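Topology and contacts: notes
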Amino acid sequence: MKHHLKHLPTACVLFGLLVNPFAETQGASSDFSQEAQKWRRNDRIIDLHMHVGDSKERLERAVKIMDRAGIGIGVNLSGGTVTPLEGEKPSAFKRRKQLKDKLYPQRFVHYMNLDYSKWDDADFSKHAVRQIEKGHRLGAAGLKIYKRLGLFLKNEEGELVAVDDPKLDPVWERCGKLGMPVSIHTADPKAFWQPYNKSNERWAELKDHPSWWFGDSEKYPSREALLAARNRVVARHPDTTFVCLHFANNPESIDQVARWLEEHPNMKVDIAARVPELGRHEARKVHKLFKRFEDRILFGTDFMVYDRLILGSSGKGENPTNDDAVSFFQKHWRWFETWDKDFEHMTPIQGDWTIDGIHLPDSTLRKVYFDNARKLLAGSLPTPILKAHRIANDFSPDAATAQSVWDKAEPVWIDYESKTVTPRPRLSTTVRALWSANALYLRYESPYTELTTFQPPKLDSERIGLWEKDVVEAFIGSDPSRPKKYKEFQTAPTGDKLDLSLELPDRDFDWSSGFRTDVVVNESKKRWIAEWRIPFSAFDKTPKSGDRWLINLYRCDYANNALMAWNPTLNPNFHTPERFGRLAFESSHPDKAD
């Protein structure tokens, strides 16, 4: 597990950041979320709004900053089109995705963009739908629509293409059927329609980006007309999820955004590049709005890595450093997690004012920081990895007094419904893994409210149907080339256990792995712990460092009607090998010798 604080610049120490990594100004609050700091250390945060260029150097720079800031996964919205240009092979989308997946397979999710070059063809709609279908096959998680729609894109007669042009309806419909969310940027800040002179509060930004000024009514629609057109699209396609970027591009009027969210259940919003505007509102009002719509708001930043960094926005003379980028993210944490007042926001060019923090509770922070994104992108997220570090000596499972070797085993969590990806944080089950020359070790720690078990326990033999009561489970396949062949292991809070061998659709309940378990139930802390030792003889195979097997982890908690998975299967059946994660056999932990 990496500890992000060790990467912070020396100057941070002068501000006390090793005690409070977000206290960037004297007198800043120390009331930061301890849970959120753990999430950042464990790479759980998802930034749903990034733009990262397609070169090794740019990707490397982006990941270094993400590591320091605590961002686990970045969603790259500028994935490119799936239609190759003349002489180009492969397409921009395929090329960019292949590069990111090769260099950093666990760190990025990729959206596609639409090619409008055949807009004036009679069959454009069919051509566009084929683009969506191809992008889906290539692994596009969603579709990003840029603000050119409604502001820059013109037909052959020189007329602006409207956001709600009927020719695009088949695109929105197909995205909905394929489960691809649409991240749509419509219009821009209110100030971009106001006078183009020094009286404009966003003058510093507009004078460096004159093409962003839309105040000429002879050339551009009104901001209100653009937003209304977007909302008509959202209303016409209730089965398609629209993430309306930049707080629906109306952070100046959060009451109106609230009304839109009420009217359109399929509308979500991200906060990318709009915290400077949101932070101007009365903090407790914003706090209440975020709690009210906590399932519909997603974390994003508009962080960009091209020839230079862009932190939400930029001026011509700006050239931010990596340290500036880390500070950019830290100011987001400060806004979300504290009641601090009158502090400098993260993108000064967007306005010369200060902002106030909104101090969201952990339950809301978790949804905004990653739960909502995980549910939105469940079928497209990188394959998760459970790392098992090598240990020198075998030991007997002892759930009550864990061996010290567990201390630095990296955790993963079973905390989503397997079918629906609904988060169940109060039941969040931690799993860790180790391995020796002879065996695989797993340790589950499961909070509970009430246990549902078979009574009396049946400890002298296996209990078929154990999964009908509370259990923790692991499905493990040692041959990734044969995903339907794997072993299943289960343990209940009573110590009952079950193992079987599968090669779907066949199941062998007579098979015995010889795995050993120990279980303890702590009633005062409402937590039960199971520790396993599974001999590699059960798999007829001993792994080597660097090997990767198939694995998924599950928990059934019947008092809470919870059937949970580490990597949700997205259907009612746990036996879905295509949704298994990876068990990575690592060499000894850097702090532990073999």
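See the structure printed just above.
To start, this report covers the structure provided alongside it. (Residues numbered from 1 in each chain as written. Predicted model: local features only at pLDDT ≥ 70, side-chain atom pairs only at ≥ 80, totals over all residues. Heavy atoms only, no water.)

Some thoughts on a negative patch on the surface
Quick note on the threshold: Only residues above 30% relative accessible area that lack a salt bridge enter a patch, with like-charged residues linked at up to 9 Å and the nonpolar side chains Val, Leu, Ile, Met, Phe, Trp and Tyr linked at up to 5 Å. Method for areas: the Shrake-Rupley scheme with a 1.4 Å probe, in which residue coverage is limited to the protein chains shown. Think of a salt bridge as a Lys or Arg side-chain nitrogen and an Asp or Glu carboxyl oxygen that are within 4 Å of each other. None of His or the chain ends enter the tally, which takes Lys and Arg as positive and Asp and Glu as negative. Charge positions are represented by NZ for Lys, CZ for Arg, CG for Asp and CD for Glu. Each helix corresponds to a stretch of at least 4 residues labelled H or I by DSSP, and each strand to a stretch of at least 2 residues labelled E; elements are numbered beginning at the N terminus.
A grouping of Asp 120, Asp 121, Asp 123, Glu 156, Glu 157 and Glu 159 is seen on the molecular surface, where their side chains present a negatively charged patch. Looking at where Glu 157 falls in the secondary structure, it is placed in the loop between α6 (148-151) and α7 (169-178).

Topic: the packing of aromatic side chains
The description of an aromatic ring pair uses the distance of the two centres, along with the angle that the planes make with each other. Put simply, the test is: Two aromatic rings, drawn from Phe, Tyr or Trp (for Trp, its six-membered ring), form a pair once their centres lie within 6.5 Å of each other, and the interplanar angle then sorts them: stacked below 30 degrees, edge-to-face above 60, tilted otherwise. A ring is considered to have a charge above it if a Lys NZ or an Arg CZ atom is located within 6 Å of its centre and within 35 degrees of its normal.
In total, this model carries 43 aromatic pairs according to the counting rule given. Cluster of aromatic residues (ring-pair linked, three or more members): Trp 39, Phe 247, Phe 290, Phe 299, Phe 303, Phe 328, Phe 329, Trp 333, Trp 335, Phe 336, Tyr 369 and Phe 370. Positioned over the ring face of Trp 353 is Arg 280, at 3.5 Å from the centre of the ring. Above the plane of the ring of Phe 515 lies Lys 497, whose end atom (NZ or CZ) is 4.8 Å from the centre.

Some points on α7
To be explicit about the condition: Each residue is assigned to one of three classes by its accessible area relative to the maximum for its type, calculated with a 1.4 Å probe on protein chains only: buried under 20%, partly exposed between the two thresholds, exposed over 50%. What the arc measures is the spread of directions leading from the helix axis to the C-beta atoms. For this analysis, residues touch if any pair of their heavy atoms sits within 4.5 Å.
Among all positions in α7, only Asp 169, Val 171, Trp 172 and Cys 175 are buried. For α7, the arc enclosing every buried residue in end-on projection is 165°, short of the 170-degree limit, so these residues lie on one face. Taken together, the buried residues of α7 touch α5 (124-138), β4 (142-145), α6, β5 (182-184), α9 (223-236) and β6 (242-244).

A look at the environment of Phe 328
Mapped onto the fold, Phe 328 is located in helix α14 (residues 322-337). As a C-alpha pair, Phe 328 and Ala 69 span 259 residues in sequence and 8.9 Å in three-dimensional space. Residues in contact with Phe 328, not counting those within four places in the same chain, are Thr 301, Phe 303, Leu 311, Gly 312, Met 346 and Thr 347.

Looking at the nonpolar core
Threshold: The set of buried Ala, Val, Leu, Ile, Met, Phe, Trp, Tyr and Cys residues whose side-chain atoms join them within 4.5 Å is what this entry labels a nonpolar core.
Ranked by internal contacts, the top residues of the largest apolar core, which has 109 residues, are Phe 290, Phe 303 and Phe 336. Once residues lying within four places of it in the same chain are set aside, the contact partners of Phe 303 are Asp 47, His 49, Met 50, His 51, Ala 62, Ile 65, Leu 309, Ile 310, Leu 311, Ala 325, Phe 328 and Phe 329. Leu 386, Leu 427, Val 431 and Ile 476 belong to the second largest nonpolar core, which has 33 residues in total.

Some points on the pairing of strand β25 (residues 562-565)
Quick note on the threshold: Only strands that DSSP links by at least two bridges are regarded as paired with each other.
As paired strands, strand β15 (residues 416-417) and β25 are joined by two bridges and run antiparallel to one another. By the bridge assignment, Tyr 416 is partnered in β25 with Ala 565. With four bridges connecting them, strand β24 (residues 548-557) and β25 associate as antiparallel partners. Across the sheet, the residue bridging to Asp 557 is Ala 562, located in β25. Taken together, β24 and the strand that follows it, β25, pair antiparallel across an intervening segment of four residues, in which Asn 561 is found at a positive phi of about 50°.

Observations regarding the pairing of β24
With nine of 10 residues buried, β24 lies mostly within the body of the structure. Of the pairings in the sheet, the one linking strand β18 (residues 471-477) to β24 comprises seven bridges and is antiparallel in character. Considered in β24, the bridge of Gly 477 is made with Leu 550. As defined by bridge partners, β24 adjoins strand β26 (residues 581-588) across four bridges and the pair is classed as antiparallel. Looking at the pairing, Leu 550 lines up with Arg 582 of β26.

With respect to the packing of α14 against helix α15 (residues 362-376)
Note the threshold: Here an axis means a line fitted to C-alpha atoms, over the contact stretch when the element is a helix, while the angle between two N-to-C directions is reported on a 0 to 180 degree scale. Charged residues are taken to be Asp, Glu, Lys and Arg, nonpolar residues to be Ala, Val, Leu, Ile, Met, Phe, Trp, Tyr, Cys and Pro, and polar residues to be all remaining types, Gly included.
At a minimum axis separation of 11 Å, α14 and α15 run at an interaxial angle of 145°. Packed against α14, whose contacting residues are Trp 333, Phe 336 and Glu 337, the element α15 presents Leu 365, Val 368 and Tyr 369 at the interface. Of the residues that constitute the contact of α14 with α15, the class distribution is five nonpolar, no polar and one charged.

Description of the pattern of salt bridges
Across all of its chains, the model carries 37 salt bridges by this definition. The closest approach of N and O atoms between Arg 40 and Glu 337, which form a salt bridge, is 2.8 Å. Linking Arg 40 in helix α2 (residues 34-41) with Glu 337 in helix α14, this pair joins segments that are 297 residues apart in sequence. With a relative accessible area of 4%, Arg 40 lands in the buried category. Two residues, Lys 367 and Glu 294, come together in a salt bridge whose shortest N-O distance is 3.1 Å. Highlighted residues: Lys 367 in helix α15 and Glu 294 in the loop between α13 (283-292) and β8 (297-298), separated in sequence by 73 residues. Comparing Lys 367 with Glu 294 shows no difference in burial state: the two are buried.

Function cannot be inferred from these measures alone, as they are strictly geometric.
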